[in-house]
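# Structural overview
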There are 2 protein chains.
Amino acid sequence: MSYSYDYPHPAVTTDIVIFTIRQDELKVLLIKRALPPHQGAWALPGGFVNLDESLEEGARRELAEETGVSGVYLEQLYTFGRPDRDPRERVITVAYYALIPTDTIEIRAATDAEGVSWFGMNELPELAFDHREILDMAQRRLVDKLDYSTIAFQFMPKEFTLPELQQVYELILGEALDKRNFRKRILSLGLVMETGKERKAGAHRPAKLYRSIHPDRVEVIK
Amino acid sequence: MSYSYDYPHPAVTTDIVIFTIRQDELKVLLIKRALPPHQGAWALPGGFVNLDESLEEGARRELAEETGVSGVYLEQLYTFGRPDRDPRERVITVAYYALIPTDTIEIRAATDAEGVSWFGMNELPELAFDHREILDMAQRRLVDKLDYSTIAFQFMPKEFTLPELQQVYELILGEALDKRNFRKRILSLGLVMETGKERKAGAHRPAKLYRSIHPDRVEVIK
DNA sequence: AAGTATAGTGTGCTTTCTACACTAAGTCAA
DNA sequence: TTGACTTAGTGTAGAAAGCACACTATACTT
């Protein structure tokens, strides 16, 4: 089967930067390319957009197919279209980034360790195509959004403690935050509520568990 | 001539939202569609991306071809790709927005008044495709960026007065600003310098002329 | 019962934001 | 030439927000 057009058409793909927090580190999910070009190199998950699906649907589909991840926060990042970014043909990619909670059951990265793996942002391998550029922009966007939105909540499981949330902020920002000021700020947003439960985590006072009031919404603040 | 591919490819276009300030109003440049679909309807300038040009180059080329505008501030806005947004075939559009200074010599909108025209944001006609959605997002982005960047400077000619700049802010935000606080804020950025000249504009004290220190840069502030 | 580890809480100082009113410098008309 | 008019340009004080900082509470362990 072949598809013909009166004038040349580029290929359109989506690529997805999937962040999570594991082992006290911001990590990104990469897949090992099985085919040329860049065979054997690590790359962002993604692929061609079908004609009957929206861009976001395409991104979610690729994400599910290649990594088993679904139902996560997904946001469009930027569209990359340098003419030479793919050696095969002209390929324009609409990049998305996704945030997945820390307690998500181990995904394909664990079971199929050959082809899919988490990488810490400080131990990145060489990436295929311009994926390094995409990843860098995603990280910048994430850091920026921490300041003026509740995007960090998307990393948290349904119930979480304030020290856990603070740790997420500190990992992404790369700096320590004052505990009291952090709590004041978060609580004053009025976007988390106590569950009444506590999390016991060792030989010390247990922390109160909270949950997000609008777990699926990312709100702009301040 | 015909172009064939092993699997279906969408068409990729750029559409450009061009803002300026005229007659004390935020205006956008629209073109009247000469061909179906939506023949006779107003639409954003834009068109198909060539295979040998980047997305931004494509946007600049279309902008120049259709409106005569060039050398302006251009930023990628968002990529729109609903499967049914164009009745002919699957079309994905990478939307950009452009800001042009108020003193730019009259562009094609003036000479070819049939096909190209400025519209105030409160007197918009029905727009083709999903262009209304694109335009609304561009306006939101502009309003947001006013707060944390020097994007408004892109509306100003090489030399401008602080009251003129304030008026631009007020028009876009739709609210009055305090003159003293506004001046303090702008001057404290250290991004404008006095030219030593003044603008006489009627039967009253003349205003000092300033110019931007980095006219081509949009800086993130605060 | 004492030791240890993390959770949880309040205050004062500094900086930033906001509201607000008069003088300066030009033109125009009587 | 002078007074009326119009817009440009300037400072300050009170309010709010941001920031630094140290001790008590509660669990577990030995």
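Just so you know, these numbers come straight off a predicted model, no measurement behind them. (Residues numbered from 1 in each chain as written. Chains lettered and ligands numbered in written order. Predicted model: local features only at pLDDT ≥ 70, side-chain atom pairs only at ≥ 80, totals over all residues. Heavy atoms only, no water.)

We now examine the protein's contact with DNA strand C. Close to DNA strand C lie 21 residues, the nearest being K179, R183, H204 and K208 of chain A together with A203 of chain B. The set of elements that each furnish at least two residues to the surface near DNA strand C consists of α5 (179-189) and β11 (207-212) of chain A together with α5 (179-189) of chain B. For the surface near DNA strand C, the element with the highest residue contribution is α5 of chain A, accounting for 4 residues. (Near = heavy atom within 4 Å. Helix = DSSP H or I, 4+ residues; strand = E, 2+ residues; numbered from the N terminus.)

In the vicinity of DNA strand D there are 22 residues, among which K179, R183, K184, H204 and K208 of chain B approach most closely. When the atoms of DNA strand D within 4 Å of the protein are sorted by group, sugar and phosphate make up 44%. One of the side-chain nitrogen or oxygen atoms of D178 of chain A is found 3.2 Å away from a base nitrogen of DNA strand D. Of all elements in the fold, only α5 of chain A together with α5 and β11 (207-212) of chain B reach the threshold of two or more residues within the surface near DNA strand D. A per-element tally of the surface near DNA strand D places α5 of chain B first, with 4 residues. (Polar contact = N/O pair within 3.5 Å; in protein donor to acceptor, adjacent residues only side chain to side chain.)

In this section: the side chain of R33 of chain B. All names here are of chain B. Mapped onto the elements, R33 comes out in the loop between β3 (25-32) and β4 (42-43). No salt bridge is formed by the buried R33; its nearest oppositely charged neighbour, D86, is found at 6.2 Å. A polar side-chain atom of R33 sits 2.7 Å from the main-chain carbonyl oxygen of P37. Those residues in contact with R33, other than ones at most four positions away along the chain, are H38, Q39, G40, A41, A43, R88, A128 and F129. (Buried < 20%, exposed > 50% of the residue type's maximum accessible area, 1.4 Å probe, protein only. Lys, Arg positive; Asp, Glu negative; His and termini not counted. Salt bridge = Lys/Arg side-chain N within 4 Å of Asp/Glu carboxyl O. Contact = heavy atoms within 4.5 Å.)

Here we come to the sheet that holds β11 of chain A. Residue and element names in this part refer to chain A. Strand order in the open sheet formed by 3 strands is β9-β11-β10, and the pairing between neighbours is antiparallel. This sheet does not close on itself; its edge strands, each paired only once, are β9 (159-160) and β10 (192-199). The pairing of β10 with β11 spans 5 bridges and is antiparallel. Within β11, the position partnered with R199 by the bridge is A207. (Pairing = 2+ DSSP bridges.)

We now examine the packing of helix α3 (residues 131-148) of chain A against helix α4 (residues 162-173) of chain A. Residue and element names in this part refer to chain A. One can describe the packing of α3 onto α4 by two numbers: an axis separation of 10 Å at closest approach and a directional angle of 135 degrees. As far as their axial angle goes, α4 and α3 are oblique. Regarding α3 and α4, the two cross each other, and that crossing is left-handed. Contact residues: α3 offers L142, V143 and L146, while α4 offers Y169, I172 and L173. Among the residues forming the contact of α3 with α4, the class breakdown is 6 nonpolar, no polar and no charged. (Axes fitted to C-alpha atoms, helices over the stretch in contact; angles between N-to-C directions. Parallel < 35°, antiparallel > 145°, perpendicular 65-115°, else oblique. Left-handed = near helix turned anticlockwise from the far one by under 90°. Nonpolar A, V, L, I, M, F, W, Y, C, P; charged D, E, K, R; others polar.)

Residue and element names in this part refer to chain A. Each domain of chain A was delimited in the assignment, giving domain 1 (11-146) and domain 2 (151-212). Summarising the inter-unit geometry, the C-alpha centres of domain 1 and domain 2 are found 28 Å apart. Taken together, the contact pairs 17 residues of domain 1 with 12 residues of domain 2. Where domain 1 abuts domain 2, roughly 1,300 Å² becomes buried across the two surfaces, and 77% of that area is made up of carbon and sulfur atoms. For domain 1, the biggest contributors to the area lost against domain 2 are I21, L99 and L146; these three give 42% of the whole. Counting the contacts that link domain 1 with domain 2 gives 0 salt bridges. The interface formed by domain 1 and domain 2 includes 1 residue pair in polar contact (both at pLDDT 80 or more). (Domains from an automatic or database assignment. Buried area = accessible area lost by both parts, 1.4 Å probe.)

Tallying the contact residues gives 30 residues for chain B and 30 residues for chain A. Buried area between chain B and chain A, summed over both chains or domains, comes out near 2,700 Å², and the portion from carbon and sulfur atoms is 57%. Together, Y3, Y5 and L51 of chain B form the three largest contributors to the area buried by chain B at its contact with chain A, with a combined 21%. At the junction of chain B and chain A, the tally comes to 18 residue pairs in polar contact (both at pLDDT 80 or more). For the side of chain B that touches chain A, the elements supplying multiple residues, two or more each, are β1 (3-5), β2 (11-22), β6 (73-80) and β7 (91-99) of chain B. Here the element with the most residues in the side of chain B that touches chain A is β6 of chain B; it accounts for 4 residues.

This part takes up the layout of surface pockets. Each pocket or cavity is described by its volume, and for the largest pocket that value is around 1,900 Å³. Around the largest pocket, the lining comprises 37 residues; the ones closest to its centre are R141, K145 and Y148 of chain A together with K145 and Y148 of chain B. Elements with a contribution of two residues or more to the lining of the largest pocket: β6 (73-80) and α3 of chain A together with β6 and α3 (131-148) of chain B. When its residues are assigned to classes, the lining of the largest pocket shows 19 nonpolar, 4 polar and 14 charged. (1 Å grid on protein atoms, 1.4 Å probe; cavity = no way out; pocket = protein on both sides within 12 Å on 5 of 7 lines; lining within 4 Å. Points joined across faces, edges and corners; volume = space filled by probe spheres on them.)

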